[in-house]
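The primary structure of each chain is shown beneath.
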Amino acid sequence: MTGFAIVAYAGDARTNLLEALGEAKKGNFDHARELTKEANDCIVSAHNEQTKLLSKEAGGEDMEVTFIMVHGQDTLMTTMLLMDEVNFFIDEYERIEKIENKLKIDK
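Residues numbered from 1 in each chain as written. Predicted model: local features only at pLDDT ≥ 70, side-chain atom pairs only at ≥ 80, totals over all residues. Heavy atoms only, no water.

Novice: Account for the packing of aromatic side chains, naming residues and giving values.
Specialist: Aromatic ring pairs: the centre-centre distance and the angle between the two ring planes describe each pair. Scanning the model with the defined rule gives 1 aromatic pair in all. Residues Phe88 and Phe89 carry aromatic rings whose centres are separated by 5.3 Å and whose planes lie at 80° to one another, so their mutual orientation is edge-to-face. Classification of Phe88 as partly exposed rests on a relative accessible area of 45%. (Phe/Tyr/Trp six-rings, centres within 6.5 Å; stacked < 30°, edge-to-face > 60°. Buried < 20%, exposed > 50% of the residue type's maximum accessible area, 1.4 Å probe, protein only.)

Novice: How would you explain a negative patch on the surface if you had to name every residue and give the values?
Specialist: A cluster of acidic residues, Glu19, Asp30, Glu34, Glu38 and Asp41, forms a negative patch on the protein surface. Here the negative patch takes 4 residues from helix α2 (residues 29-58), the largest share from any one element. Position of Asp30 relative to the elements: it lies in helix α2. The exposure class of Asp30 is exposed, given its relative accessible area of 63%. (Patch = residues over 30% accessible without salt bridge, like charges linked within 9 Å, V, L, I, M, F, W, Y side chains within 5 Å. Areas by Shrake-Rupley, 256 points an atom, 1.4 Å probe, with all protein chains shown as cover. Salt bridge = Lys/Arg side-chain N within 4 Å of Asp/Glu carboxyl O. Lys, Arg positive; Asp, Glu negative; His and termini not counted. Charge placed at Lys NZ, Arg CZ, Asp CG, Glu CD. Helix = DSSP H or I, 4+ residues; strand = E, 2+ residues; numbered from the N terminus.)

Novice: Please provide a residue-by-residue account of the side chain of Glu23, values included.
Specialist: Counting through the fold element by element, Glu23 comes out in helix α1 (residues 2-25). Here the side chain of Glu23 touches Asn28 through a polar contact of 2.7 Å, side chain to side chain. Non-local contacts of Glu23, meaning those with residues more than four positions away in its chain, are made with Asn28, His31, Ala32 and Leu35. (Polar contact = N/O pair within 3.5 Å; in protein donor to acceptor, adjacent residues only side chain to side chain. Contact = heavy atoms within 4.5 Å.)

Novice: Report on α1, specifying residues and quantitative values.
Specialist: The end-to-end C-alpha distance of α1 is 35 Å, a good match for the 34 Å that 24 residues give at a rise of 1.5 Å each. Along α1, the positions that sit buried rather than exposed are Thr2, Gly3, Ala5, Ile6, Ala10, Ala13, Asn16, Leu17, Ala20, Glu23 and Ala24. Among the structural elements, α2 and α3 (67-103) are those in contact with the buried residues of α1. Positive backbone phi, approximately 90°, marks Gly27, located one or two places after α1. (Expected span 1.5 Å × (residues − 1).)

Novice: I'd like to hear about the packing of α1 against α2, residue by residue, with values.
Specialist: One can describe the packing of α1 onto α2 by two numbers: an axis separation of 8 Å at closest approach and a directional angle of 165°. Considering their axes alone, α1 and α2 lie roughly antiparallel with respect to each other. Here the hand of the crossing between α1 and α2 comes out left-handed. Taken together, the residues of the contact of α1 with α2 sort by class into 16 nonpolar, 6 polar and 5 charged. (Axes fitted to C-alpha atoms, helices over the stretch in contact; angles between N-to-C directions. Parallel < 35°, antiparallel > 145°, perpendicular 65-115°, else oblique. Left-handed = near helix turned anticlockwise from the far one by under 90°. Nonpolar A, V, L, I, M, F, W, Y, C, P; charged D, E, K, R; others polar.)

Everything listed here is a matter of geometry and, on its own, says nothing about what the molecule does.
So, in structure tokens, the structure goes:
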């Protein structure tokens, strides 16, 4: 079940991050940042599930590596990378909007 939980939390984070990117593109920066905070909460939950697995293995428990666990790890890591990229693009969209406003460029 832990693998499923990691996939679910990371998947929710990914959904929030992609929505945040869309909101930033529309100029809704506060909402975009709220969504990234929600995504971060999901990533923390996924990481907590991952830590449970690591603790069991460190305690000497035999761990069976399943496809869902591998998928969970992959989903979590790619979502963490996506988080960095989305935060970068939110900042860039906001910077571009400020420049456009200063130059009075119509969108």
